[in-house]
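# Descriptive analysis of the structure
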Amino acid sequence: MAPDHVDVLIVGAGLSGVGAAVHLQRNCPGKSYAVLEGRGAVGGTWDLFRYPGIRSDSDMYTLGYSFKPWTDPKAIADGDFIREYVRETAREHGVQEHIRFHHRVVRAEWDSAAARWTVRARRDDTGEEVVLTCSFLFTCSGYYRYDSGYTPEFPGADRYAGRLVHPQHWPEDLDHTGKRVVVIGSGATAVTLVPALAERAGHVTMLQRSPTYVIALPSRDRLADALRRWLPAKAAYSVVRWKNVLLGTASYQLSRRAPGLVKKYLRRAARGSLPVGYDVDRHFSPRYDPWDQRLCVVPDGDLFAAVSAGRASVVTDTIDTFTEQGIRLGSGEELPADVVVTATGLNLLALGGMTLAVDGTEVDLAQTVAYKGMMLSGVPNFAMTIGYTNASWTLKADLVATYVCRLLRHLDATGQQIVTPLAPATGELVPLIDLKSGYVLRAVDQLPKQGPAAPWRLHQNYPRDVLLMRRGRLTDEGVRFSRAGAPAPDGAAQRTAPVA
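Predicted model only: the values in this text are computed from it and were never measured.

If you trace the backbone, C28 turns up in the loop between α1 (15–27) and β2 (33–37). Residue class for C28 comes out buried when judged on its relative accessible area of 5%. Taking the C-alpha atoms as reference points, C28 and A198, separated by 170 residues in sequence, lie 49 Å from one another.

Structure representation (structure tokens):
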């Protein structure tokens, strides 16, 4: 029996995958497609994470889809509202009928003679293997491991008598009312958890080894509130979206070109939100420059408010060992804790853990070079969605999806069947993800690389990428178009060059 065949196979039914399916329907209505989702629900990250206070760390006017206005008053939205937004999009556009749940993709093999992928998935609900074929493979599975978060080895953790949890798998039965809670970490998850837990806990301590840049932003956008009274929803959404894009781009560029100035601003803003005499330098002044790691957004300054009210506190120290009753610090102080939350980060997992082969040769992702941040050298008819590190994920996801549609239409119009990126012949290669966060540095050697310049360099600049990906040429030195029977270019998938 021949396996099912579709023109485009999308992997992942989260924010990116649902968006990709809608773009495909709108721009390539004649193409058949299916969406494979390893879990049992639509929503991806926003369905998986259920810890208290979970919310977006980007404004919803840029994290929302370009084709579906965000109409909720909150610009920094709660996780359940985002999850429903993604599910509503899938229902409205008929994507739901194309999703096959509990299908975890494990391997994909490209055959140049047939110009198609053979994709193997495992059904988590039945254990059976499912085989499909497709002409174009589009992965929208993010870049971290869904089944486990990152927790370092803590000395003495096995003798701790309290509750130890990781935010990625929050227990439904955990009641923290009136309890002493310690949250280990200082990233986006930690600064979200602390004020949310502090609403009911006896006290919450954020224990960090080193501080992170934290900035307070309004949870509502005043311009959006005003425009919605006078303009249609789509027009108001577009204006606010571009306002936020340009402000975000300007902020990022200023951070990279004048980091000292931005440091002073962030430090002054934190000082103004905390009690007089608070040790801002110790707890909210990182050693690194702004945007070496993502800035942590706290809506309406909720973290600062919790600290100022005495419901939460920040301790900057190292962990010596867990004890039966809590955590003993490097300074000798002991933090008593009924609950310890390890908000210590994520484990990266490229392509959802699937392996790739091209004409019988295994693809080593670390030896590939990304073309326009979305395709891999030597891998035909393949695209992946990796969002911006300095802006909303969906801004890049929308651009990638529309570019894939442009490629598909170009293949049909020219009578070609295959598009294969080619690695640059010379030049220094650098990591695809340019953050210095721990979760990135732990896995950077396993990820694709970037080349020296466009089209192999990701610029983290949305206005520039709009021109490149919506209006730029489809035919350039970075790709080769061909028909079935033409082998993948020799050596295109791998090249030897120094990596910074």
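Right, let's get into empty space enclosed by the protein. In the structure shown here, the tally under the stated rule is five cavities of 30 Å³ or more. Estimated volume of the largest cavity: approximately 110 Å³. What lines the largest cavity is a set of 14 residues, and nearest its centre among them are G142, A350, L351, M384 and I386. The residue makeup of the lining of the largest cavity, split by class, is ten nonpolar, four polar and no charged. In this model, the second largest cavity occupies a volume close to 50 Å³. Lining the second largest cavity, in full, are Y61, W70, T71, A224, R228, A233, A236, Y237 and V240. Tallying contributions element by element places helix α7 (residues 233–257) first for the lining of the second largest cavity, with four residues.

Turning next to the sheet that holds strand β9 (residues 203–208). Strands sit in the order β7-β16-β8-β9-β12 across an open sheet of five strands; the sheet is parallel. The sheet is open, and its two borders are formed by β7 (163–165) and β12 (312–316), each paired with just one other strand. Strand-to-strand, the axes of this sheet are offset by a mean angle of 20°, without reference to chain direction. Relative to strand β16 (residues 339–342), strand β8 (residues 180–184) runs parallel, the two being bridged by four bridges.

Moving on, we get to unusual backbone geometry. With omega at 10°, the peptide bond leading from A454 into P455 counts as cis. Tracing the backbone shows P455 in the loop between β24 (449–450) and α13 (462–471). Positive phi, close to 75°, is recorded for W291, a residue that is not glycine. Checked against the element boundaries, W291 lands in the loop between α9 (280–283) and β11 (296–299). In this structure, K372 is a non-glycine residue whose phi angle is positive, near 55°.

This part is about the sheet that holds strand β14 (residues 326–329). Backbone hydrogen bonds hold the strands of a sheet together, and the pairing may be parallel or antiparallel. Within the open sheet, the three strands sit side by side as β13-β14-β15. Their pairing is antiparallel. Only two strands of the sheet have a single partner each, and these edge strands are β13 (319–322) and β15 (334–336). Direction aside, the axes of adjacent strands within the sheet are offset by 25° on average. Where β14 and β15 come together, three bridges link them in antiparallel fashion. Note on β15: the bridge partner recorded for G326 is P336.

Once that is clear, we can look at the packing of aromatic side chains. This model, assessed by the stated rule, comprises 15 aromatic pairs. Measuring from centroid to centroid gives 6.2 Å for Y61 and Y237, while their planes differ by 50°, and the two rings are tilted. Of this pair, Y61 sits in helix α3 (residues 60–63) while Y237 is found in helix α7, placing the two residues 176 residues apart along the sequence. When the centroid spacing of 5.6 Å and the interplanar angle of 70° are considered together, the rings of Y160 and F322 count as edge-to-face.

Reading guide: rules and limits
- Residues numbered from 1 in each chain as written.
- Predicted model: local features only at pLDDT ≥ 70, side-chain atom pairs only at ≥ 80, totals over all residues.
- Heavy atoms only, no water.
- Helix = DSSP H or I, 4+ residues; strand = E, 2+ residues; numbered from the N terminus.
- Buried < 20%, exposed > 50% of the residue type's maximum accessible area, 1.4 Å probe, protein only.
- 1 Å grid on protein atoms, 1.4 Å probe; cavity = no way out; pocket = protein on both sides within 12 Å on 5 of 7 lines; lining within 4 Å.
- Points joined across faces, edges and corners; volume = space filled by probe spheres on them.
- Nonpolar A, V, L, I, M, F, W, Y, C, P; charged D, E, K, R; others polar.
- Pairing = 2+ DSSP bridges.
- Axes fitted to C-alpha atoms, helices over the stretch in contact; angles between N-to-C directions.
- Phe/Tyr/Trp six-rings, centres within 6.5 Å; stacked < 30°, edge-to-face > 60°.

None of the figures reported here should be taken as evidence of function without further support.
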